[in-house]
Amino acid sequence: MIDFIRQPWPWYVAGPLIGLTVPALLLLGNKHFGISANLRHICAMCLPANIPFFTYNWKKELWNLFFAGGILLGGIIAAWLLRNPAPVEVNEALATTLSQHGITNYDGLVPVDVFSWQQLFTVRGLLMMVGGGFLVGFGTRYAGGCTSGHAITGLSNLQWPSLVATICFMVGGLLMANFILPVILSL
Amino acid sequence: MQPTIDTDFEMRTQDTICVNESQLTHKWYHNIKYLVVGVLFGIVFVKAEVISWFRIQEMFRFQSFHMYGVIGSAVVVGMISVFLIKRFNVKTIYGEPVQFHPKKFNKGQVIGGLLFGFGWAMTGACPGPLFALIGTGATVIVVVLLSAIAGTWVYGRFRDKLPH
C-alpha cells in the first residue's frame, strides 16, 4: 500500500481529488476555492501603504491563509514521508530540448540547473525566478484569479469570464514555453 | 448566528474570485479545517507532480496528457459538485445556504491571463504549487513567492491606471 502511495499518482486519481476541493470548501464554510488571493492578503497584512486595493479587513480571509499553510504542510508531508525515490520521468523530446540548455538533473520536481540559490545570481536564474514570479503575482491578480480560482472554481460554476481567463492562461503559457522560454534558457 | 453588516466585502471581492462571505463569526481555530483540506490538497499536488516544472513544460509543448487529465477531471468533478449543491440546495455544515457570485468580464482576464500564462510557463508553478514546492524543500522558491507577492502589490498600486 505504502509503495503504491509513493509512486507518482495518475491524473485520474489526482484530478478528481483536486476537483473535490471545490465542494469541500463550499460545504465547510461557504468558501470558494482559490489560492492567488493569498498573495493579496499578504500585501494587505504586511504593506497596505494606503492603497485602496489593500485596505480591507484581511482577517476575514484568514481561512485562505490557513489553506495555503496547509498546502505548504502537505508539501512537507508528501516530500518527506511519501517520497518517490526515483527521478522525475520526462518526455524524451522534452529531455532532448532541455539538455541543449544544460538541464540534465531530474532529481527534483524543479530542475536544480535553473532553480537553485546559486542560479539566482545568474541572468537566466534571475529572469526565471524573479521575473517569472512577478508575472505570476501580477497576472493572477489582474486576471482576478489563478488556475484554482478561474480554471477550476470558475469553470465549475460555469462562469464564462473564467473560461476566457483560462484560455488566456493557456495561450500565454504556450507562447512562453515554445517561443520565448528557449531564448531565456539559452542565456 | 449573528448577522453582521459587511462594509468591506465589495473591496475584498474586487478582482478576486475566491472570496465568499459567511454571516457566521468563528474563533480563529475554526480555520484548522481549511488547513486540513490544504494539507490533503498539497499532498495530491506533490504526488501527482502537478507542481513539477517538467510536467508544466510537457503540457505547454503538448508532450503529455497528464496535466490536461488532471485539470480536466478536476473541472468535471467540480462542475458535478456545484450542480448537485445548487440542484439539491445543499447547505454548509453550519446550515447556511451555499452562495455563488457571478463573475463579471473585464479586459484583465485577457491581459492578466496572458501575463500569468507567461509566468506559469517560466516558473512552472501557479500560486498553489509555490507553497507546496517550498514544502518539498525547494527553498529557493521562496524568492519566486516573494516576487509574486511583489507583483500583486505592484498591480494593486497601479490598478487605477491599468485597462479593465
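Residues numbered from 1 in each chain as written. Chains lettered and ligands numbered in written order. Predicted model: local features only at pLDDT ≥ 70, side-chain atom pairs only at ≥ 80, totals over all residues. Heavy atoms only, no water.

Description of the overall build of chain A
When its secondary structure is counted, chain A shows eight helices and zero strands. Reading the secondary structure of chain A in the N-to-C direction produces α-α-α-α-α-α-α-α. Overall, the C-alpha framework of chain A stretches about 50 × 45 × 30 Å when taken along its three principal axes. Surface exposure of chain A reaches about 7,700 Å², of which carbon and sulfur atoms provide 71%. Positive and negative side-chain charges of chain A, numbering 8 and 6 respectively, have mean locations separated by a distance of 22 Å. (Helix = DSSP H or I, 4+ residues; strand = E, 2+ residues; numbered from the N terminus. Areas by Shrake-Rupley, 256 points an atom, 1.4 Å probe, with all protein chains shown as cover. Lys, Arg positive; Asp, Glu negative; His and termini not counted. Charge placed at Lys NZ, Arg CZ, Asp CG, Glu CD.)

Here's the deal with the packing of aromatic side chains
Residue and element names in this part refer to chain A. Taken as a whole, this structure holds 24 aromatic pairs over all chains when the rule is applied. Between Trp11 and Tyr12 the ring centres are 5.6 Å apart and the planes differ by 80 degrees, which places this aromatic pair in the edge-to-face class. The class for Tyr12 is exposed, based on a relative accessible area of 54%. Between Phe138 and Tyr142, the aromatic rings sit 5.9 Å apart at their centres with planes inclined by 90 degrees, giving edge-to-face as the arrangement. Taken together, the residues span about one helical turn, with Phe138 and Tyr142 both in helix H6 (residues 123-143) at a distance of four residues. Judged by relative accessible area, Phe138 falls into the buried class, the value being 12%. Residue class for Tyr142 comes out buried when judged on its relative accessible area of 2%. (Phe/Tyr/Trp six-rings, centres within 6.5 Å; stacked < 30°, edge-to-face > 60°. Buried < 20%, exposed > 50% of the residue type's maximum accessible area, 1.4 Å probe, protein only.)

Observations concerning the interface of chain B and chain A
The interface is formed by 123 residues belonging to chain B together with 136 residues belonging to chain A. Here chain B and chain A share an interface that buries about 11,400 Å² over both sides, 76% of which is from carbon and sulfur atoms. Interface area lost by chain B to chain A is led by Lys47, Phe54 and Met122 of chain B, which between them contribute 7%. Joining chain B to chain A, the criterion identifies zero salt bridges. Counting across the chain B and chain A interface gives 26 residue pairs in polar contact (both at pLDDT 80 or more). Taken together, the elements giving at least two residues each to the side of chain B that touches chain A come down to helix H1 (9-13), helix H2 (32-47), helix H3 (53-60), helix H4 (66-87), helix H5 (108-123), helix H6 (127-135) and helix H7 (141-158) of chain B. By residue number, the principal contributor to the side of chain B that touches chain A is H5 of chain B, which donates 16 residues. Taken together, the residues of the side of chain B that touches chain A sort by class into 70 nonpolar, 35 polar and 18 charged. (Contact = heavy atoms within 4.5 Å. Buried area = accessible area lost by both parts, 1.4 Å probe. Salt bridge = Lys/Arg side-chain N within 4 Å of Asp/Glu carboxyl O. Polar contact = N/O pair within 3.5 Å; in protein donor to acceptor, adjacent residues only side chain to side chain. Nonpolar A, V, L, I, M, F, W, Y, C, P; charged D, E, K, R; others polar.)

A closer look at the environment of Ile5 of chain A
Structurally, the position occupied by Ile5 of chain A is in helix H1 (residues 2-6). Between the C-alpha atoms of Ile5 of chain A and Asn84 of chain A, which are 79 residues apart in sequence, the distance is 8.8 Å. If we skip the residues at most four places from it in the chain, Ile5 of chain A touches Leu82 of chain A together with Lys47 of chain B.

Overview of H4 of chain B
In this model H4 of chain B runs 31 Å from its N-terminal to its C-terminal C-alpha over 22 residues, within 8% of the 32 Å that 1.5 Å per residue would give. Phi turns positive, to about 50 degrees, at Asn89 of chain B, one or two residues after H4 of chain B. (Expected span 1.5 Å × (residues − 1).)

Concerning a nonpolar patch on the surface
A contiguous nonpolar surface patch, about 890 Å² in accessible area, is contributed by Trp160, Leu163, Ile167, Val171, Leu175, Phe179 and Ile180 of chain A together with Phe105, Val110 and Ile111 of chain B. If you list the elements that add at least two residues to the nonpolar patch, you get helix H8 (160-185) of chain A together with H5 of chain B. For Leu163 of chain A, the position within the fold is in helix H8. (Patch = residues over 30% accessible without salt bridge, like charges linked within 9 Å, V, L, I, M, F, W, Y side chains within 5 Å.)

Here we look at the environment of Met129 of chain A
Within the element layout of this structure, Met129 of chain A appears in helix H6. With 10 residues separating them in the primary sequence, Met129 of chain A and Gln119 of chain A have C-alpha atoms 9.3 Å apart. Those residues within four positions of Met129 of chain A in sequence are excluded, and the remaining contacts are Val114, Phe115, Ser116, Gln119 and Leu120 of chain A together with Val140, Val144 and Ser147 of chain B.

Observations concerning H6 of chain B
Counting buried residues in H6 of chain B gives nine out of nine residues, a clear majority hidden from the surface. If you check which residues of H6 of chain B are buried, you get Pro127, Gly128, Pro129, Leu130, Phe131, Ala132, Leu133, Ile134 and Gly135 of chain B. At its buried positions, H6 of chain B is contacted by helix H3 (37-46), helix H4 (62-80) and H6 of chain A together with H2, H5 and H7 of chain B. Within two residues after H6 of chain B, Gly137 of chain B carries a phi angle of roughly 105 degrees, on the positive side.

So, the pattern of salt bridges
All names here are of chain B. If you walk through the whole model with that rule in mind, you get two salt bridges over all chains. Among the ionic pairs, Arg55 bridges to Glu49, the shortest N-O distance being 2.3 Å. The same class applies to Arg55 and to Glu49, which are both buried. In this structure, Glu58 engages Arg55 in a salt bridge whose closest nitrogen and oxygen atoms are separated by 3.0 Å. Here the residue Glu58 and the residue Arg55 both occupy positions in helix H3, the gap between them amounting to three residues, near one helical turn. Of the two residues, Glu58 and Arg55, neither departs from the other in class, the shared state being buried.

Observations concerning the packing of helix H7 (residues 147-156) of chain A against H8 of chain A
All names here are of chain A. For the pair H7 and H8, interaxial distance at closest approach is 9 Å and the crossing angle is 135 degrees. Judged by the inter-axis angle, H7 sits oblique to H8. As H7 runs across H8, the sense of the crossing is left-handed. Of the residues in H8, those in contact with Thr147, His150, Ala151, Gly154 and Leu155 of H7 are Ser162, Leu163, Ala165, Thr166 and Phe169. Taken together, the residues of the contact of H7 with H8 sort by class into five nonpolar, five polar and no charged. (Axes fitted to C-alpha atoms, helices over the stretch in contact; angles between N-to-C directions. Parallel < 35°, antiparallel > 145°, perpendicular 65-115°, else oblique. Left-handed = near helix turned anticlockwise from the far one by under 90°.)

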